[in-house]
Amino acid sequence: MLAQRNVVAGSRPAVNARIAAISRPQRASRSVVAVKAMKVGEALKDSAEYYRVLKTSEGKTVTLASFEGKPLVLFFYPKAATPGCTKEACKFRDEYSAFTEAGAAVFGISSDSPAENKAWADANRLPFPLLTDPSSILRKTFGIKGDLLGLLPGRQTFVFNKAGKCVLSFNDQMNAEQHVAEALKALKA
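Residues numbered from 1 in each chain as written. Predicted model: local features only at pLDDT ≥ 70, side-chain atom pairs only at ≥ 80, totals over all residues. Heavy atoms only, no water.

Q: Provide a residue-level description of the nonpolar core, including the pertinent values.
A: Counting residues in each nonpolar core, the largest one holds 24 residues, and the members touching the most others are Val73, Phe92, Phe99 and Trp120. Contributing elements (two or more residues each) for this core: β3 (72–76), α2 (83–94), α3 (96–101), α4 (114–123), β7 (166–171) and α6 (178–188). Element by element, the count of residues in this core is highest for α6, at 5 residues. Each residue touching Phe92, except ones within four places of it in the same chain, is listed here: Val73, Phe75, Phe99, Val106, Phe128, Thr157, His179, Val180 and Ala183. By size, the runner-up hydrophobic cluster in this structure holds 21 residues, among which are Met38, Ala65, Leu72 and Phe76. (Core = buried A, V, L, I, M, F, W, Y, C linked by side-chain atoms within 4.5 Å. Buried < 20%, exposed > 50% of the residue type's maximum accessible area, 1.4 Å probe, protein only. Helix = DSSP H or I, 4+ residues; strand = E, 2+ residues; numbered from the N terminus. Contact = heavy atoms within 4.5 Å.)

Encoded structure:
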């Protein structure tokens, strides 16, 4: 219980409003709290976000469930059109044929709007869709921690095999291009 100061009613409207706000019951927050991070060996279908509809940079919608039975690469990046994210996405672009030869679907995911993602994808000729994760709900559900003291959304790549099991969870904010090599290695294992 918070302590309240004695204030004569009507003498200070701003103070009275604060006291009234403090004494009101607080509503439960609607934020998503990750119970645990997605770990190697866990099934994608066990994720609370398996059926979440996500908007693509191509103006379509997808769910992770729609890729059941197919290898899946999800790379979470902090912000479209930034130097590190551009290096990472362009490396995925340059190695895209190796991913398709392995039968994998590749998606980049950020909280950028579909329009921002489309402009960035077009400018860099990205052959794979970028997904919008509004409010970073998917990022939180997968347990991706922020980097640089929490100031920057985490950069993390997940690879799921045909059975939907996580075979790679790789996090490295500073070596963005290494995500591609690690993802390919996991697909070939």
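Q: Break down unusual backbone geometry for me, citing the residues and quoting the values.
A: For Ala81, which is not a glycine, the phi torsion comes out positive at approximately 65 degrees. Tracing the sequence through the fold places Ala81 in the loop between β3 and α2. The phi angle at Ser136 is positive, at roughly 55 degrees, despite the residue not being glycine. By secondary structure assignment, the location of Ser136 is in the loop between β5 (130–132) and α5 (137–141). Given the relative accessible area of 16%, Ser136 is considered buried.

Q: Please set out the pattern of salt bridges residue by residue, giving values where relevant.
A: Following the criterion strictly, the structure yields 8 salt bridges and no others. Here Lys79 ties to Glu116 by a salt bridge, and the two come within 3.5 Å at their closest N and O atoms. Here Lys79, found in the loop between β3 and α2, pairs with Glu116, found in helix α4; they are 37 residues apart in sequence, far enough to count as distant. Lys185 is the salt-bridge partner of Glu182, the closest N and O atoms lying 3.5 Å from each other. (Salt bridge = Lys/Arg side-chain N within 4 Å of Asp/Glu carboxyl O.)

Q: Break down the environment of Asn171 for me, with residues and values.
A: As for its position among the elements, Asn171 is in strand β7. In this structure the C-alpha to C-alpha distance between Asn171 and Thr157, which are 14 residues apart in sequence, comes to 6.5 Å. Setting aside residues up to four positions removed in sequence, Asn171 forms contacts with Asp147, Arg155, Gln156 and His179. Polar side-chain contacts of Asn171 include one of 3.0 Å to the side chain of Gln156. (Polar contact = N/O pair within 3.5 Å; in protein donor to acceptor, adjacent residues only side chain to side chain.)

Q: Requested: an account of the environment of Gly146, with residues and values cited.
A: Within the fold, Gly146 resides in the loop between α5 and β6 (156–160). In sequence terms Gly146 and Pro78 are 68 residues apart; their C-alpha atoms lie 9.1 Å from each other. Setting aside chain neighbours within four positions, we find Gly146 in contact with Leu152, Pro153 and Gly154.

Q: Just give me the short version of the pairing of strand β4 (residues 105–110), but keep the residues and values in it.
A: In terms of burial, β4 is a largely internal element, 6 of the 6 residues being buried. Here β4 shows no split at all, with Ala105, Phe107 and Ile109 on one side and Val106, Gly108 and Ser110 on the other all buried. As defined by bridge partners, β3 adjoins β4 across 5 bridges and the pair is classed as parallel. Following the sheet pairing, Leu72 is matched in β4 by Ala105. Direction of pairing for β4 relative to β5: parallel, over a ladder of 3 bridges. The residue of β5 that forms the bridge with Ile109 is Leu131. What joins β4 to β5 is α4, and the crossover it makes is right-handed. (Pairing = 2+ DSSP bridges. Right-handed = clockwise from strand over helix to strand, strands pointing away.)

Q: Give me a nonpolar patch on the surface: which residues, what numbers.
A: On the surface, a cluster of nonpolar side chains totalling about 560 Å² of accessible area is made up of Leu148, Leu149, Leu151 and Met174. Summarising the element assignment, Met174 is placed in the loop between β7 and α6. Looking at Met174, the relative accessible area reads 64%, which means it is exposed. (Patch = residues over 30% accessible without salt bridge, like charges linked within 9 Å, V, L, I, M, F, W, Y side chains within 5 Å. Areas by Shrake-Rupley, 256 points an atom, 1.4 Å probe, with all protein chains shown as cover.)

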